[in-house]
Amino acid sequence: MTCRDESVALTPREFAVLEALMRADGRILTHAALLEQVWGKAHVNDIDYLRVVVRALRLKLEADPSSPTLIRNEPGIGYRLVDPA
């Protein structure tokens, strides 16, 4: 994958989370929905798994990971991918 004309290596979990967010087309995906899609039904309450992967994605994809503009957190709900254009 490339980001800002640089090659970015993603783990399979990072790729799966990013793919799920892309398929949502800007809509919010709940924590439970993302966890079920990527880790399976047994992990719908394991939000820490998701936070770790989202943090890693932000470090790799965001211009300023401490102030994300691409992967947005919707507090208490989930995440959504914002079109940078």
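Source: prediction; values computed, not measured.

Q: Got a minute to help me understand the packing of aromatic side chains in this structure?
A: What characterises a pair of aromatic rings is the spacing of the ring centres plus the angle enclosed by the ring planes. Taken as a whole and assessed by the stated rule, the structure comprises one aromatic pair. Look at Trp39 and Tyr49: their rings are 5.9 Å apart centre to centre, the planes differ by 45°, and that puts the pair in the tilted class. Here Tyr49 lies in helix 3 (residues 47-61) and Trp39 lies in helix 2 (residues 31-39), a separation of ten residues in the sequence. Assessed through its relative accessible area of 16%, Trp39 is described here as buried. Note on Tyr49: relative accessible area 38%, which makes it partly exposed.

About the cut-offs
- Residues numbered from 1 in each chain as written.
- Predicted model: local features only at pLDDT ≥ 70, side-chain atom pairs only at ≥ 80, totals over all residues.
- Heavy atoms only, no water.
- Phe/Tyr/Trp six-rings, centres within 6.5 Å; stacked < 30°, edge-to-face > 60°.
- Helix = DSSP H or I, 4+ residues; strand = E, 2+ residues; numbered from the N terminus.
- Buried < 20%, exposed > 50% of the residue type's maximum accessible area, 1.4 Å probe, protein only.

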